[in-house]
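# Observations on the model geometry
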Amino acid sequence: MPSNPGVISTDRRVFLTGAAAAAGGVIAASAAGLSTAGTAEAAVPVRRSAPGAVTVGPSDRRYADLRRGTNQRWVGSPERIHLATSTAEVVAAVQQAVDTGRRLAVRSGGHCYEDFTTHHDIDVVLDLSRMDDISYDARRKAFAVQPGAALGRVYDRLYKGWGVYLPAGNCPTVAAGGHIQGGGYGSMSRRDGLAVDHLYGIEIVVVQADGTARAITATREADDPHRDLWWAHTGGGGGNFGVVTRYWLRSPGAEGDDPADQLPTPPREVWLSEVAWPWQDLTQARFSRLMWNHGDWHARNSAPDSPYTALFSQLKPFHKSAGAVVLDSLVDAGAPGAERLLRNYIDAVGAGVGVEPEVRQYRRVPWLHATQWPGFTGPDPTVRFKGKSVYARRNYTDEQIAAAYRHLTRDDFRNPGALLMIASYGGAVNRVAPQDTAVPQRDSVLKYQVVSLWNDAADDEANIGWVRECYRDMFASTGGVPVPNETNDGCFVNYADTDLGDPQWNASGVPWHDLYYKDNYTRLQRVKAHWDPTGFFRHAQSVRPA
């Protein structure tokens, strides 16, 4: 359908319910599924073909679906798509690509922001979506999760089987693959940390200097000679070191033989809330007060020992064409004074704004049901999107609030799917030292993105332009990007953004890898040089060898 320049046709139901958000990935995971590491173990024999493997080429009716992921902006044209079902099949597929000189990309859930698995020079896509087993490994006293397991399935199996969970993302269709190794976060991370804080080990297929593919394991054990490879997958992102075929999950300090003691226990029930401030009642001064209140509250209530670690929210200032600024919140119903905490939080965000928020939802539900709540889950998988991320150490600056208001109220652009998606952060996340995992951002209180979701390719230029310009103007004083300083702390690797390497959009002089990894990049480069010496695994923002 033709559209007017700058005027976006969208399905409002996707956005007005707050479904344009997914902590831990509105669409998460840069190059979802690509990278993982190991501890010394016998190599898995190469098998040129294996039962269960499926290969799809351009003549196959399934090719149209499998040549793309969730972001409909990106459509690949590989020679073949290989759907593996075992580690041995992954080894065989990687070996074949090496032997024939084919460029290979790996995909688990397909929720990549950029074209890392669909670029025109990719010959083979190794699809891990059929590798979705979840089990308990009694020998390691850890839960084994394969990379194709969607988070909704992970929550369901862990909880129904053993009463435990992983504090990972809120979008149930995002797969474990890229999500975990990028640092995965979600609605319970303030209480229990990041997904990678519970990563015990990985099984990974790597390519040696002589071109041989093999599978090894790596764990966090202090005496594991491959511990650096495990460390690189605690936030190093996808597409860097190899193909992770299995994650082992066990919390640090877990003891005993009972599986129920190896990972955290989720809340029994949670309170869910959605309130909204209509744009028609929000002047610039009122919007600024609302934003300042929100940032100030998080700066004051995000310490690891705060009672408010039981609470998580997403503030979603949508473009004014959507009608409202929305606040979706969740609190552990078992926390002392849970309802009071939630009400106090909503009151604090709205204090002095002069507009009474509309209460859209307020209810108590069982935790597992809440993992499917559309207030936090991801978007319709038939849409196109662009997002740019921020870690915030303290309240927004006046410059950031003013720029956000200007772009959210623009009359030359209309899309109810354009927004800031601002997630609560900190709490238990900040108990971990920056160097203990590959995630260096360990003192932030908010994590957010400027993002737009739309339907039609004809609207690409308007939407991508809006995201770029809003983000650039919010961080104008630091070259258009959130350079680490007393206020900001760089970007989230799972929300991949190739603009960070483009001087037109990053005039700060700070390279993209320092925005993602900060001081941890040098160590990641050493791991890359050791475990992927030929540079077989690569994309536009993959770790470069030292």
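So, how was this worked out
- Residues numbered from 1 in each chain as written.
- Predicted model: local features only at pLDDT ≥ 70, side-chain atom pairs only at ≥ 80, totals over all residues.
- Heavy atoms only, no water.
- Axes fitted to C-alpha atoms, helices over the stretch in contact; angles between N-to-C directions.
- Helix = DSSP H or I, 4+ residues; strand = E, 2+ residues; numbered from the N terminus.
- Parallel < 35°, antiparallel > 145°, perpendicular 65-115°, else oblique.
- Left-handed = near helix turned anticlockwise from the far one by under 90°.
- Contact = heavy atoms within 4.5 Å.
- Phe/Tyr/Trp six-rings, centres within 6.5 Å; stacked < 30°, edge-to-face > 60°.
- Buried < 20%, exposed > 50% of the residue type's maximum accessible area, 1.4 Å probe, protein only.
- Expected span 1.5 Å × (residues − 1).
- Arc of directions from axis to C-beta.
- Pairing = 2+ DSSP bridges.

The next thing to look at is the packing of helix α8 (residues 284-300) against helix α11 (residues 398-408). At their nearest, the axes of α8 and α11 sit 10 Å apart, and the two run at 125° to each other. Classed by the angle they form, the pair α8 and α11 counts as oblique. The element α8 and its partner α11 pack so that their crossing is right-handed. Between α8 and α11, the residues in contact are Gln284, Phe287, Ser288, Met291 and Trp292 and Ile401, Ala402, Tyr405 and Leu408, respectively.

Okay, the packing of aromatic side chains next. One pass over the full model with this rule turns up 28 aromatic pairs. Judged by centre distance (5.6 Å) and plane angle (75°), the ring pair of Tyr185 and Phe492 falls under edge-to-face. Of this pair, Tyr185 sits in the loop between α5 (176-181) and α6 (189-192) while Phe492 is found in the loop between α12 (460-474) and α13 (512-517), placing the two residues 307 residues apart along the sequence. In terms of burial, Tyr185 and Phe492 fall into one category: buried.

The next thing to look at is helix α4 (residues 151-162). Helix length check: α4, at 12 residues, gives a terminal C-alpha distance of 16 Å against a target of 16 Å (1.5 Å per residue), a fit within 8%. Of all the residues in α4, the buried ones are Leu151, Gly152, Val154, Tyr155 and Leu158. End-on, the buried residues of α4 take up no more than an arc of 160°, which puts them together on one face. Here the buried face of α4 lies against β5 (134-137), β6 (142-145), α5 and α10 (367-370).

For the rest of this paragraph, the subject is the sheet that holds strand β4 (residues 124-127). The mixed open sheet is built from four strands, whose spatial order is β1-β2-β4-β3. Every interior strand has two partners, whereas the edge strands, β1 (54-56) and β3 (104-107), have only one. Taking each pair of neighbouring strands and ignoring which way they run, the sheet shows an average axis angle of 20°. As paired strands, β3 and β4 are joined by four bridges and run parallel to one another. Looking across to β4, one finds that Arg107 is bridged to Asp127. Contacting β2 (80-83), β3 and β4, helix α3 (residues 87-100) crosses the sheet at an angle of about 155° to β2.

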